[in-house]
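Each chain, written out:
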Amino acid sequence: MRHFSVVSNKGFCDLVKALDSRYVMPSREYFSQTVIPDMYEKVKTDIVTGLSNITTVALTTDSWTSRATESFVTITSCHISDDWCLKNYVLQTRAMPLSHTGQNIANVIQEAIIEWGLPEHPPLVTDNASNMLVAGRELGCNPHIGCYTHTFNLAVQRGLNVNSVSRPLGRIRRVVSYFYCSTSAAAVLKNKIKLLGMRQIKLIHDVCTRWNSAVDMLERLLELIGICRSQK
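Residues numbered from 1 in each chain as written. Predicted model: local features only at pLDDT ≥ 70, side-chain atom pairs only at ≥ 80, totals over all residues. Heavy atoms only, no water.

## Concerning the overall build of the chain
1) Next: Within the chain, the regular secondary structure consists of 8 helices and 5 strands.
2) Next: Its helices and strands taken in sequence order, the chain reads α-α-β-β-β-α-β-α-β-α-α-α-α from the N to the C terminus.
3) Next: Computed over its C-alpha atoms, the radius of gyration of the chain comes to 25 Å, more than 25% above the 17 Å expected for a compact globule of 232 residues.
4) Next: The dimensions of the chain, computed from C-alpha atoms along their principal axes, are 65 × 60 × 40 Å.
5) Next: Expressed as a percentage of the 232 residues in the chain, the buried residues total 26%.
6) Next: Restricting to contacts in the chain with at least 6 residues of sequence separation, those with at least 24 account for 44%.
7) Next: Accessible surface computed for the chain: about 15900 Å², of which carbon and sulfur atoms make up 59%.
8) Next: Charged side chains of the chain number 25 positive and 19 negative; the gap between the two group centres comes to 18 Å. (Helix = DSSP H or I, 4+ residues; strand = E, 2+ residues; numbered from the N terminus. Rg over C-alpha atoms; globule rule 2.2 N^0.38 Å. Buried < 20%, exposed > 50% of the residue type's maximum accessible area, 1.4 Å probe, protein only. Contact = heavy atoms within 4.5 Å. Areas by Shrake-Rupley, 256 points an atom, 1.4 Å probe, with all protein chains shown as cover. Lys, Arg positive; Asp, Glu negative; His and termini not counted. Charge placed at Lys NZ, Arg CZ, Asp CG, Glu CD.)

## Things to note about the pattern of salt bridges
1) Next: Within this structure, the stated rule accounts for 7 salt bridges.
2) Next: Of the charged contacts in the structure, one is a salt bridge between Arg173 and Asp206, with a shortest N-O distance of 2.8 Å. Placement of the pair is Arg173 in helix 6 (residues 163-181) and Asp206 in the loop between helix 7 (183-195) and helix 8 (212-230), with a sequence separation of 33 residues.
3) Next: Under the relative-accessibility criterion, Arg173 is labelled partly exposed at 28%.
4) Next: Between Glu223 and Arg220 there is a salt bridge; the shortest N-O distance is 3.6 Å. On the criterion of helical spacing, the pair formed by Glu223 and Arg220 is a turn pair, its members being 3 residues apart in helix 8.
5) Next: Each of Lys44, Arg94 and Glu115 takes part in one network of salt bridges that share partners. (Salt bridge = Lys/Arg side-chain N within 4 Å of Asp/Glu carboxyl O.)

## Details of the sheet that holds strand 1 (residues 58-65)
1) Next: Taken in spatial order, the 5 strands line up as 3-2-1-4-5 in an open sheet, and their pairing is mixed. Of all the strands in the sheet, the pair left with one neighbour each is strand 3 (86-95) and strand 5 (144-146). When the angles between neighbouring strand axes are averaged without regard to direction, this sheet yields 20 degrees.
2) Next: In this structure, strand 1 lies alongside strand 4 (residues 124-126), joined through 2 bridges in parallel fashion. Its bridge partner being in strand 4, Thr60 is matched across the sheet by Val125. (Pairing = 2+ DSSP bridges. Axes fitted to C-alpha atoms, helices over the stretch in contact; angles between N-to-C directions.)

## Section: a nonpolar patch on the surface
1) Next: A surface patch of nonpolar side chains, amounting to about 400 Å² of accessible area, comprises Tyr148, Phe152, Trp211 and Val215.
2) Next: Considering the arrangement of structural elements, one finds Trp211 in the loop between helix 7 and helix 8.
3) Next: Taking relative accessible area as the criterion, Trp211 reaches 31% and is therefore assigned partly exposed. (Patch = residues over 30% accessible without salt bridge, like charges linked within 9 Å, V, L, I, M, F, W, Y side chains within 5 Å.)

## Overview of the pairing of strand 2 (residues 71-80)
1) Next: Sheet topology note: the strand 1/strand 2 ladder contains 8 bridges and is antiparallel. Bridging from a neighbouring strand, Ser63 pairs with Val73 of strand 2.
2) Next: The loop that links strand 2 with its antiparallel partner strand 3 comprises 5 residues; one of these, Trp84, has a positive phi angle of about 60 degrees.

## Digging into the packing of aromatic side chains
1) Next: Tallied over the entire structure, the rule returns 5 aromatic pairs.
2) Next: Summarising the aromatic geometry, the rings of Tyr30 and Phe31 are spaced 6.0 Å apart at their centres and angled 70 degrees between planes, so their arrangement reads as edge-to-face.
3) Next: Since its relative accessible area comes to 25%, Phe31 is described here as partly exposed.
4) Next: Their ring planes at 20 degrees and their centres at 4.9 Å tell us that Trp64 and Phe72 sit as a pair that is stacked.
5) Next: Through a chain of ring-to-ring contacts, the aromatic side chains of Tyr148, Phe152 and Trp211 assemble into a single cluster.
6) Next: One Lys or Arg, Lys44, reaches over the ring of Trp116 and ends 5.4 Å from the middle of that ring. (Phe/Tyr/Trp six-rings, centres within 6.5 Å; stacked < 30°, edge-to-face > 60°. Lys NZ or Arg CZ within 6 Å of the ring centre and 35° of its normal.)

Below is the structure:
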């Protein structure tokens, strides 16, 4: 929407008028109600046509929440063309204000299958959340494959929960959290790094959904410690 506002910006309109006074600037509504929908329909028609002759199309789906705390479900497709080229499409991203139950997600996927003219019971790739497992079972997807990255993360998180690992990680996490939660402490740290004449770096906090964030957190803390020691 920010890009559409350019066409109604007085400065931009004056610039266009200076370049060519005969040119009539299209309105914001023209772009949002005509140009974009026409582009979408054309691309959608091309994709539907391309998928119509494919016997097996695999789907991938996940739900996510925007910074505005709005929930969405995105569905992508993947297939191999007749000339053995891998084709991927982002079919849709739709708002989903309803509860993310397995049945509701299954309904969203089923509507997408109908809308895009896809074969019934497609192979499905999702994370390992219980609602996704229910959705795959309700749709009769065969096979229903858990995302490798998500499965790997779950395995690593179990290892990180071992006491000999979780205890030192917990201590490091508390140190990092202190600088995240205290603006004054973060300002002091930033000033100290500046006084040392080193490049500004920030501590990284790990998140449970990304195992490698724990590695990033440790590496960044060790880098900061190394800087401090080198200046002694």
